[in-house]
Amino acid sequence: MTVTPRPVTRLLVANRGEIARRVQRTCRTLGITTVAVHSDPDTHAPHTREADLAVRLPGAAPADTYLRADLLLDAARASGADAVHPGYGFLAENAAFARAVTEAGLTWIGPPPEAIEAMASKTRAKDLMARAGVPLLAAVDPARATGKDLPLLLKAAAGGGGRGMRLVRDLAELPAALTAARAEARAAFGDDEVFAEPYLDRGRHVEVQILADLQGTVWVLGTRDCSLQRRHQKVIEEAPAPHLPPALRESLHRAAEAAARAVAYTGAGTVEFLVDENRAHFLEMNTRLQVEHPVTEAVYGIDLVALQIAVAEREPLPPAPPAPRGHAVEARLYAEDPADDWRPRTGRLHRFRTPAHLRTDAGVTDGDTIGVHYDPLLAKLVAHAPTRTAALRALADGLDRTTLHGPVTNRDLLARTLRHPEVVAGGADTSFYGRRLAELTAPGDARTEELAALAAAVAQARTAAAER
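Residues numbered from 1 in each chain as written. Predicted model: local features only at pLDDT ≥ 70, side-chain atom pairs only at ≥ 80, totals over all residues. Heavy atoms only, no water.

(A) View of the nonpolar core. In terms of nonpolar packing, the biggest core is built from 36 residues, with Ile236, Phe352, Leu395, Leu399, Leu418 and Tyr433 touching the most fellow members. Those elements giving two or more residues to this core turn out to be β11 (233-239), β14 (327-334), β21 (377-385), α11 (388-401), α12 (411-419) and α14 (432-440). In terms of residues, this core owes the most to one element, α11, which gives six residues. Setting aside its immediate chain neighbours within four residues, isoleucine 236 contacts Asp225, Cys226, Leu228, Val329, Glu330, Ala331, Leu414, Thr417, Leu418 and Tyr433. Grouped together as the second largest cluster of nonpolar side chains are 34 residues, Val13, Ile109, Ala239 and Tyr334 included. (Core = buried A, V, L, I, M, F, W, Y, C linked by side-chain atoms within 4.5 Å. Buried < 20%, exposed > 50% of the residue type's maximum accessible area, 1.4 Å probe, protein only. Helix = DSSP H or I, 4+ residues; strand = E, 2+ residues; numbered from the N terminus. Contact = heavy atoms within 4.5 Å.)

(B) Layout of the packing of aromatic side chains. A full pass over the atoms with the stated rule returns six aromatic pairs. A centroid spacing of 5.2 Å and a plane angle of 70 degrees characterise the contact between phenylalanine 432 and tyrosine 433, whose relative ring orientation is edge-to-face. For the pair phenylalanine 432 and tyrosine 433, one class covers both residues: buried. One aromatic cluster in this structure is built from Tyr66, Phe90 and Tyr374. Arginine 230 extends its terminal NZ or CZ atom over the ring of tyrosine 334, reaching a point 4.3 Å from the ring centre. (Phe/Tyr/Trp six-rings, centres within 6.5 Å; stacked < 30°, edge-to-face > 60°. Lys NZ or Arg CZ within 6 Å of the ring centre and 35° of its normal.)

(C) Layout of the pattern of salt bridges. Taken as a whole and judged by the stated rule, the model has 45 salt bridges. A salt bridge links glutamate 207 to arginine 224, with the shortest nitrogen-to-oxygen separation between them at 2.7 Å. Taken together, the residues glutamate 207 in strand β9 (residues 204-212) and arginine 224 in strand β10 (residues 218-230) connect sequence positions 17 residues apart. Arginine 224 shares its class with glutamate 207; the two are buried. Salt-bridge contacts for aspartate 400 lead to arginine 419; the nearest nitrogen and oxygen are separated by 2.5 Å. Residue aspartate 400 is found in helix α11, and its partner arginine 419 is found in helix α12; the two are separated by 19 residues along the sequence. On the accessibility criterion, aspartate 400 (44% relative accessible area) is partly exposed. A network of salt bridges, in which partner residues are shared, links Glu207, Arg224, Lys234, Glu237, Glu272, Glu292 and Arg332. (Salt bridge = Lys/Arg side-chain N within 4 Å of Asp/Glu carboxyl O.)

(D) Spotlight on the pairing of β10. Across the 13 residues that make up β10, a large majority, 13, are buried. The pairing of β9 with β10 spans six bridges and is antiparallel. Across the sheet, residue valine 206 finds its bridge partner in β10, namely aspartate 225. Count of turn residues in the β9/β10 antiparallel hairpin: five residues, of which glycine 216 carries a positive phi of about 100 degrees. By the bridge criterion, four bridges tie β10 to β11 in an arrangement that is antiparallel. When the sheet's bridge partners are listed, arginine 230 is paired in β11 with glutamine 233. Counting the residues in the hairpin turn of β10 and β11 gives two residues, including arginine 231, whose phi is positive at 55 degrees. (Pairing = 2+ DSSP bridges.)

(E) View of the sheet that holds strand β2 (residues 33-38). In space, the five strands of this open sheet follow the order β3-β2-β1-β4-β5, with parallel pairing throughout. Single-partner strands in this sheet number two, and they are β3 (53-56) and β5 (107-108). Relative to strand β4 (residues 83-85), strand β1 (residues 10-13) runs parallel, the two being bridged by three bridges. Each bridged residue has a counterpart across the sheet, and for leucine 12 the counterpart in β4 is valine 84.

(F) Up close: the pairing of β11. Among the seven residues that make up β11, six are buried, leaving the element largely enclosed by the rest of the structure. Sheet analysis places β11 next to β14, joined by four bridges and oriented antiparallel. For alanine 239, the partnering residue across the bridge sits in β14 and is alanine 328.

(G) View of unusual backbone geometry. Cis geometry is adopted by the peptide bond preceding proline 151, which originates at leucine 150 and carries an omega value of -5 degrees. If you trace the backbone, proline 151 turns up in the loop between α6 (122-131) and β6 (152-156). Within the chain, histidine 243 stands out as a residue other than glycine whose phi angle is a positive 60 degrees. Positive phi, normally seen in glycine, also occurs at alanine 264, with a value near 50 degrees. By the element assignment, alanine 264 lies in the loop between α8 (246-262) and β12 (267-276).

(H) Examining the environment of valine 35 more closely. Along the chain, the position of valine 35 falls in strand β2. The spatial distance from the C-alpha of valine 35 to the C-alpha of alanine 14 is 8.8 Å, given a sequence separation of 21 residues. Once residues lying within four places of it in the same chain are set aside, the contact partners of valine 35 are Arg10, Leu11, Leu12, Val13, Ala51, Leu53, Val55 and Ser79.

Following this line, the structure appears as structure tokens:
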């Protein structure tokens, strides 16, 4: 198949925070001019400051700014952009936005709108995957559920990120859980469709990264284990997924490729599975770049954003991807308190430094204020090493050496998790934090806490003095 190249020269990033900075970083290496968009709270945010051009989106709430397709298209026109990268979240998996971008004559850095639509509803996606021969968990009709079906997991058909999810262990709780799940799904995604499937208490969340071009080449870029989650949201991810039997790993690869080909997929995407013993069950396909993509980049020595752009420019992929090497682990650093029901924390980040041996994809810098409008993710810290043991050790050590003065974070929880015997052994499942949280958030050494409090007080005093 012959396609005419379509070079990208000026790219608008329809996002904010660390993913906006991540895309901008690749664009700089490729010689592509970057355009940022920003809400009023993000006027002086790093992604706004670092872009070549910036366009204001008046307002603060996501619904008034980053979720306004019309404003994003106006920004692209006003800035002279010829391409749009959606990042992840916000409108990244919105088929109508993707179609509007292409109809405006711009290059969409993502899969075709038709592929996004095919996977947008998890219920319709499961029907499509069944026809493609991808293994599935059998759906359960909530209206006909019995005690034999428990436990059940209610999920929003149109969303992800843990929103619209409810775990039901007692049939008496099902009606209220359905009502709550539908309300949350409607608020988050504008669609209150909810479905139910069996919940595997000790399942592992394993996903496969794929990348496909317009010429029919599909790369399968190995597995990632994302089982360490709080509230169905990932906290620590690694590549490759540890201790998968070769036959299971190959079946995951085949299923992911089949899923991609079933919807004529192009660009980067992720096919997610729940693994129970030696069986894999399709969960969903994310038609965008994943938050945890850096671990795959580290293992394969590639730049997935650069490859996304190349595919959108209609360039062919080589016949096969590079060979994988080593192991990579990523930890998501949040401004939140795990010991206080994972509640987010706000305030000024006085100082933030990570050691040189870690890759740091951060959305914040010294002096930034962590506000209430957006996800409290501060940064993703990634270690890559020849072995899994070395990667876990390097990331735990790097977290210990990270300087953080400001709001409470989950930094200590992450370091303790990486050193926990169950995690070190490999194969921890999605119930890990539910079983281990009290142990992982137990008070530390009194002297250490005293020194940490003193350091924070000194940092705050120095900042106050500098502002006088």
